[in-house]
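# A structural walkthrough
Each chain, letter by letter, is given below.
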Amino acid sequence: MRRCHTATAGTNRGGEISEVEPDVLEELDSLGRATGIEVDDAQDARADQAIDIIHTPFDPEKIDVVTRNTTVDLLLSRIRTGRVDLQPDFQRQAGIWRPTAKSRLIESLLLRIPLPTFYAAEGDDEEWAMVDGIQRLTTIAQFIEPEAIDREPLRLVNLEYLGAEYDGKTFDDLPGRLQTRLRETELIVHLIRRGTPEEVKFNIFARINTGGLPLSRQELRHALIPGNGRAILREWAESDVFRSATGDSVRSERMVDREMILRFIAFRLTSPSDYDHDDFDRFLREAMRNLNTLPAHEVERLWTEFEVAMIAARQTFEQHAFRKRDRKGSSRRMPINKALFEAISVNLAEVGGPGMALLTERRRRVEKEFIGLMNDVDFQGAISQGTGDPGKVRLRFARIRKIFESVMSR
């Protein structure tokens with residue numbers, strides 16, 4: 001989803017950006033609030049539909065989607081033994097899932113009202129990564145076996161049909177016949193089996209309309225690529241240096257903050273000059289898998305670079321860090337641009353400590369050069385349209401690096 005911040009762009013005959021400033025479309029979260037991030041089309045121009053383009057041919061015979069008619073008890077058994085990944089920090093629309101909403105879900109089961117279908121992906125070890133239905137399944141587990149997910153028991157409140165008779169009750173307080181009814185409730189799970197091409201798997205899940213809003217690509221990566229990278233991205237996104245550098249303006253619900261950090265890591269693991277992918281989303285998936293396998297000392301090195309780069313970005317660009325500037329250099333603050341975040345943060349990390357100090361000291365020169373760069377049509381295109389294109393990736397990194405080198409050399 002998007003919303004418009006400014007007027008439509010134009011160019012004059014000389015190829016420079018005209019007085020009319022470009023549209024700035026800002027991503028919205030599931031509740032319609034601005035995320036603080038400019039819409040980025042690196043992965044697909046059809047971002048509103050969130051449907052991946054299949055970039056390489058695949059064998060349709062390898063697509064293996066099966067429907068499992070299982071029971072609550074069997075799913076709880078999988079949770080107990082770690083065979084279902086509930087991704088406990090993946091809480092889309094968290095504000096909706098209050099005690100009343102959770103209680104109404106349990107009430108539906110008690111009334112034998114069928115629940116919507118669940119969607120999961122099978123891992124190499126036959127573990128299920130739950131992509132759609134996480135909160136429903138978490139609520140069921142919290143009521144029936146809270147210890148399995150390390151939660152306090154859920155007590156029913158504000159029931160609509162069962163009335164005061166069951167208000168305040170936990171699972172243990174229910175009559176045995178109702179406990180059995182809950183455990184034997186049948187649930188439908190559409191399972192994408194391992195062996196299905198990864199790109200197709202992501203395409204399928206991108207089409208799932210969870211709660212009326214398609215999953216963001218970082219939510220999909222989080223769901224389908226489990227490992228230590230999840231915790232790393234969360235911790236860095238919650239860090240004081242990241243929040244300060246971004247003006248504490250990035251909403252975390254759609255995991256856009258984690259994607260920004262993953263982009264930094266991706267371009268520290270693969271030099272922008274060596275980037276040649278035709279699928280930016282695949283590039284980030286590969287980076288997340290690589291992050292899962294990095295030794296601790298490599299993660300620590302990356303964190304040190306990231307920390308210093310965030311501090312330097314804040315000190316050098318101040319409240320405009322990672323944001324476009326209008327051609328007159330006004331004080332109006334734009335939403336954060338992901339492509340600028342990559343180019344600025346990675347270049348700062350490459351500059352190193354002494355260079356960062358010099359840039360901070362000469363920040364007014366940096367600002368002047370950067371505002372001048374906003375008049376460059378090619379650069380504007382490299383941070384606004386088709387930003388995953390290899391040529392545009394190399395261009396924006398090179399232009400930012402040129403600014404830094406020019407300021408440091410004077």
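Our subject is the structure that appears above.
We now turn to the structure provided with this report. Just so it is clear, the model here is predicted, and its values are computed rather than measured.

### Details of the packing of aromatic side chains
In this structure the tally under the stated criterion is 17 aromatic pairs. With centroids separated by 5.4 Å and ring planes inclined at 55°, the aromatic side chains of W236 and W303 adopt a geometry described as tilted. Taken as a pair, W236 in helix α7 (residues 228-237) and W303 in helix α11 (residues 296-317) lie far apart in primary sequence, 67 residues in all. The buried category is assigned to W236, whose relative accessible area is 5%. Both rings, one in F317 and one in F404, keep their centres 6.5 Å apart while their planes meet at 55°; by these two values the pair is tilted. Taken together, the positions of F317 in helix α11 and F404 in helix α15 (residues 390-409) put the pair 87 residues apart, joining distant regions of the chain.

### Overview of helix α2 (residues 99-110)
Here α2 is 12 residues long and its end C-alpha atoms lie 16 Å apart, about the 16 Å a rise of 1.5 Å per residue gives. Among the residues making up α2, those that are buried are K102, S103, L105, I106, E107, S108, L109 and L110. Contacts made by the buried residues of α2 are with α3 (134-144) and α4 (176-183). The positive-phi residue at the C-terminal boundary of α2 is R112, with phi of around 65°.

### Regarding unusual backbone geometry
Notably, E126 is not glycine yet its phi reads approximately 70°, a positive angle. By secondary structure assignment, the location of E126 is in the loop between β6 (118-122) and β7 (128-132). The exposure class assigned to E126 is partly exposed, which follows from its relative accessible area of 41%. The backbone phi angle of E318 is positive, close to 55°, even though this residue is not glycine. Within the element layout of this structure, E318 appears in the loop between α11 and α12 (338-361).

### Comments concerning empty space enclosed by the protein
The full count for this structure, using the stated rule, is two cavities of 30 Å³ or more. Approximately 70 Å³ is the volume attributed to the second largest cavity. As for the second largest cavity, its lining consists of T316, F317, E318, H320, R325, R364, E367, F370 and I371. Of all the secondary structure elements, the ones that give two or more residues to the lining of the second largest cavity are α11 and α13 (363-373). Among the elements that take part in the lining of the second largest cavity, α13 stands out by supplying four residues, more than any other. Looking at the lining of the second largest cavity, its residues break down into three nonpolar, two polar and four charged.

### Concerning a nonpolar patch on the surface
Side chains of L111, I113 and Y161 sit close together on the surface and give an oily, nonpolar patch of about 310 Å² of accessible area. In this structure, Y161 sits in the loop between α3 and α4. The exposure class assigned to Y161 is exposed, which follows from its relative accessible area of 61%.

Cut-off values and rules
- In this numbering scheme, every chain counts its residues from 1 along its sequence in written order.
- Restriction of local features to residues with pLDDT of at least 70 applies here, the model being predicted, together with a cutoff of 80 or more for giving and counting side-chain atom pairs; totals for whole chains, interfaces and linings are based on all residues.
- Side-chain measures were taken over the full set of non-hydrogen atoms in the model, leaving aside hydrogen atoms and water.
- Ring pairs are drawn from Phe, Tyr and Trp, using the six-membered ring of Trp, whenever the two centres fall within 6.5 Å, and their geometry is named by plane angle: stacked under 30 degrees, edge-to-face over 60, tilted for the rest.
- Only DSSP runs of H or I with at least four residues qualify as helices, and only runs of E with at least two residues qualify as strands; both kinds are numbered from the N terminus onward.
- Each residue is placed in one exposure class: buried if its accessible area under a 1.4 Å probe, protein chains only, is under 20% of its type's maximum, exposed if it is over 50%, and partly exposed if it falls in between.
- To estimate how far a helix should extend, the number of its residues minus one is multiplied by 1.5 Å.
- It only takes one pair of heavy atoms within 4.5 Å for two residues to be counted as in contact.
- The method works on a 1 Å grid over the protein atoms by themselves. A cavity is a set of points holding a 1.4 Å probe that cannot get out, a pocket is an open set with protein on both sides within 12 Å along at least five of seven lines, and residues with an atom within 4 Å of a point line them.
- Grid points are joined across faces, edges and corners, and a volume is the space filled by probe spheres set on the points.
- Note on residue categories: nonpolar means Ala, Val, Leu, Ile, Met, Phe, Trp, Tyr, Cys or Pro, charged means Asp, Glu, Lys or Arg, and polar means any other residue, Gly included.
- A patch consists of residues whose relative accessible area exceeds 30% and which take part in no salt bridge; residues with like charges are grouped when within 9 Å of each other, and nonpolar side chains (Val, Leu, Ile, Met, Phe, Trp, Tyr) when within 5 Å.
- Areas reported as accessible are Shrake-Rupley estimates using a 1.4 Å probe. Residue values count occlusion only from the protein chains shown.
- Here, a salt bridge means any Lys or Arg side-chain nitrogen found within 4 Å of an Asp or Glu carboxyl oxygen.

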